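One-letter residues, chain by chain:
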Amino acid sequence: MRAHVEINLKAIAANIERAKNSTTANVLAVVKADAYGHGLVPVAKAALNAGASWLGVALVEEAHALRDAGITAPVISWLTPISEDFDAAIKANIDLAVPSLAHLVVIEEAGRRTGIKPRVHIEIDTGMTRGGLLDEWADFLKVIGGADVHVVGAWTHFARADEPLEAFTDSQIERFENALGELRGVGINPEIIHLSNSAASLTKVGAHKDLVRLGIAMYGLSPDVTHMGAGESLNLQPAMTLKAKLHLVKSVPAGSAVGYGGTAVTGTATKIGIVAMGYSDGIPRNTSSAAGVSFKGQRAPILGRVSMDQFVVDLGITSEAVTGDEVTVFGENGYSVDEWAAAAGTINYEIVTRIASRVPRIYG
Ligand SMILES: *Cc1c(COP(=O)(O)O)cnc(C)c1O
């Protein structure tokens, strides 16, 4: 195997316990996007075993995959075009977000066709300006009281909770409370109020309400290294380690231009390693030498551009690495996901979610 991802399910369990210890709310484990690249079903099962009581996904297909795996815990799917097969979703006991009047109409119709009352969570746009009811709110209030749905929850999503000192989150909470009051005014009393993502789960107790939606923190990573510090400082344990084989190790003279465009030139004679992974595997092409791999704890920075299936690292003239050895790209005893993210000008979320499905996941 030229590369693989190791997933530490004990770290995921520890991160859930850490979240549970700092809240009275229940925990919804966010497992969208193949559990942020960690593997949908194994992570969902580990999260439920560790005390999460809900699962959250973006796509209805992801929710079906959980049901097909025999998982019976409540699941919310919150990104459903109105052309979705809501009949199948309702039959599979999948909770649905309602972000618009059009959604309410098609979900009600599906409920009538299936003879099962749809379980819905009213999504309110309180300032994220992405999903959720905003301009239709007054009209929604007129119809929701008589709608043929079971309103299980009401929820919103924070735009800036990863900046703990930012007052915008408080303004979102206030707008949410007002909307909730208006819902109650028309006789709708959702049982489960949920607002918090990882950042708010870690910093904003007042926003926890009944359920926190734990995503990145469950995977042991910080929602925002700049404003909240790295995962370790938040007592989180990273769950993903990426390892790859050195396809080749060879010595090159000083002045060697490495890779497409010859963008890196060796300053001295050195040993280079060709790592058998590339941008098609989710290694960002624009990664700078601020990232690299480690061999037995020794760091080897990237040289030049990342290719489709491979990239080159500078092992150093004294390295003992030989062709066929294994290196750690990121994770345990290596560069951190955050270092890779910084080197690529992106965030840790993007690094872990983009590791391609052709890289096998191994669970421990
Ligand atoms: C992705 C997502 C989350 C989790 O966000 P994190 O920052 O990873 O904790 C929570 N709620 C919704 C609606 C999401 O889409």
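The preceding data block contains the structure.
Counting restarts for each chain: residues are numbered from 1 in the order of the written sequence. Whole-chain, interface and lining totals are the exception, using all residues; otherwise, since this is a predicted model, local features are given only for residues with pLDDT of at least 70 and side-chain atom pairs are given and counted only at 80 or more. Excluded from the side-chain calculation are hydrogens and water; included are all heavy atoms of the structure.

A. The arrangement of helix α6 (residues 101-114) in detail. Across its 14 residues, α6 extends 20 Å between first and last C-alpha, which sits within 8% of the 20 Å expected from 1.5 Å per residue. Only protein chains enter the calculation, and the probe is 1.4 Å; a residue is then buried if its accessible area is under 20% of its type maximum, exposed if over 50%, and partly exposed in between. Numbering goes from the N terminus for both helices and strands, where a helix is a DSSP run of H or I of at least four residues and a strand is a run of E of at least two. Turning to α6, its buried residues are His-103, Leu-104, Val-106, Ile-107, Glu-108, Ala-110, Gly-111 and Thr-114. Within 3.5 Å is the distance limit for a polar contact, defined as a pair of N or O atoms, with the added protein rule that one can donate a hydrogen and the other accept it, and that residues adjacent in sequence qualify only through two side-chain atoms. Capping the start of α6, Ser-100 holds a side-chain oxygen 3.3 Å from the backbone nitrogen of Ala-102, two or three residues further along. Among the residues trailing α6, Gly-115 stands out with phi positive, at a value near 75°. Between the first and last residue of a helix there are one fewer steps than residues, each counted as 1.5 Å, and that sum is the expected span.

B. Spotlight on the site of the ligand. For the ligand, the full set of nearby residues is Val-30, Lys-32, Tyr-36, Trp-78, Trp-155, His-157, Asn-197, Ser-198, Arg-213, Gly-215, Ile-216 and Tyr-349. Between the ligand and the protein, one listed contact pairs an oxygen atom with a side-chain N or O atom of Ser-198 at 2.5 Å. Within the backbone of Ile-216, an N or O atom sits 2.7 Å from an oxygen atom of the ligand. Surface burial for the ligand is 93%, taken as the share of its 380 Å² of free accessible area covered by protein chains. For cavity detection a 1 Å grid was placed over the protein atoms alone, and a set of points counts as a cavity when a 1.4 Å probe fits there but cannot get out; an open set counts as a pocket when protein lies on both sides within 12 Å along at least five of seven lines, with lining residues being those that have an atom within 4 Å of a point. Assignment to a cavity or pocket requires that more than half of a molecule's atoms be within 2 Å of the site's grid points. When atoms are counted within 2 Å of each cavity's grid points, the one that captures over half of the ligand is the largest pocket. For this description, a residue counts as near a given molecule or strand if any of its non-hydrogen atoms is within 4 Å of it. Here the Shrake-Rupley method, with its probe set to 1.4 Å, supplies the accessible areas, and only the displayed protein chains count as covering residues.

C. How the structure looks around empty space enclosed by the protein. Grid points are joined across faces, edges and corners, and a volume is the space filled by probe spheres set on the points. Overall, the coordinates contain 1 cavity of 30 Å³ or more when judged by the stated rule. By volume, the largest cavity amounts to about 30 Å³. Forming the walls of the largest cavity are Ala-161, Glu-163, Pro-164, Glu-166, Thr-169, Thr-203 and Lys-204. Each residue receives one of three labels: charged for Asp, Glu, Lys and Arg, nonpolar for Ala, Val, Leu, Ile, Met, Phe, Trp, Tyr, Cys and Pro, and polar for the others, Gly being one of them. Taken together, the residues that form the lining of the largest cavity break down as 2 nonpolar, 2 polar and 3 charged.

D. Representation of the nonpolar core within the structure. We call a set of buried residues a nonpolar core when its members are Ala, Val, Leu, Ile, Met, Phe, Trp, Tyr or Cys and they connect through side-chain atoms within 4.5 Å of each other. Of all hydrophobic cores here, the largest spans 117 residues; its most connected members are Val-31, Ile-122, Ile-144, Leu-183, Met-218, Phe-311 and Trp-340. Each domain's limits were defined by an automated method or a database of domain assignments. Built from parts of two domains, this core gets at least three residues from each of domain 1 (9-234) and domain 2 (240-363). We call two residues in contact when some of their heavy atoms are within 4.5 Å. With near-sequence residues (within four places) excluded, Val-31 lies in contact with Leu-40, Val-43, Ala-44, Leu-55, Gly-56, Val-57, Leu-66, Met-218 and Tyr-219. With 7 residues, the next largest nonpolar core counts Val-252, Val-258, Ile-274 and Val-312 among its residues.

E. Inspection of the side chain of Ser-222 at higher detail. In this structure, Ser-222 sits in the loop between β9 (211-214) and α10 (225-228). Looking at Ser-222, its side chain comes within polar contact range of the main-chain nitrogen of Asp-224, at 3.2 Å. Engagement of the side chain of Ser-222 in a polar contact is seen with the backbone oxygen of Gly-229, the distance being 2.6 Å.

F. Layout of the packing of helix α3 (residues 40-49) against helix α4 (residues 60-68). Interaxial distance between α3 and α4 falls to 10 Å at its minimum, and their mutual angle equals 65°. One element, α3, and the other, α4, form an angle in the roughly perpendicular class. Judged by the sense of rotation from one axis to the other, the crossing of α3 with α4 is right-handed. When α3 is examined against α4, the residues Leu-40, Val-41 and Ala-44 are found in contact with a partner set consisting of Glu-62, Ala-65 and Leu-66. Tallied by class, residues from the contact of α3 with α4 come to 5 nonpolar, no polar and 1 charged. In this analysis, axes come from line fits to C-alpha atoms, helices being fitted only over the stretch in contact, and the angle between any two N-to-C directions falls in the range 0 to 180 degrees. Angular relationships are summarised with four words: roughly parallel below 35 degrees, roughly antiparallel beyond 145, roughly perpendicular across 65 to 115, and oblique for the angles in between. In this scheme, a crossing is called left-handed if the near helix is turned counterclockwise away from the far one by less than a right angle; it is called right-handed if the turn is clockwise.

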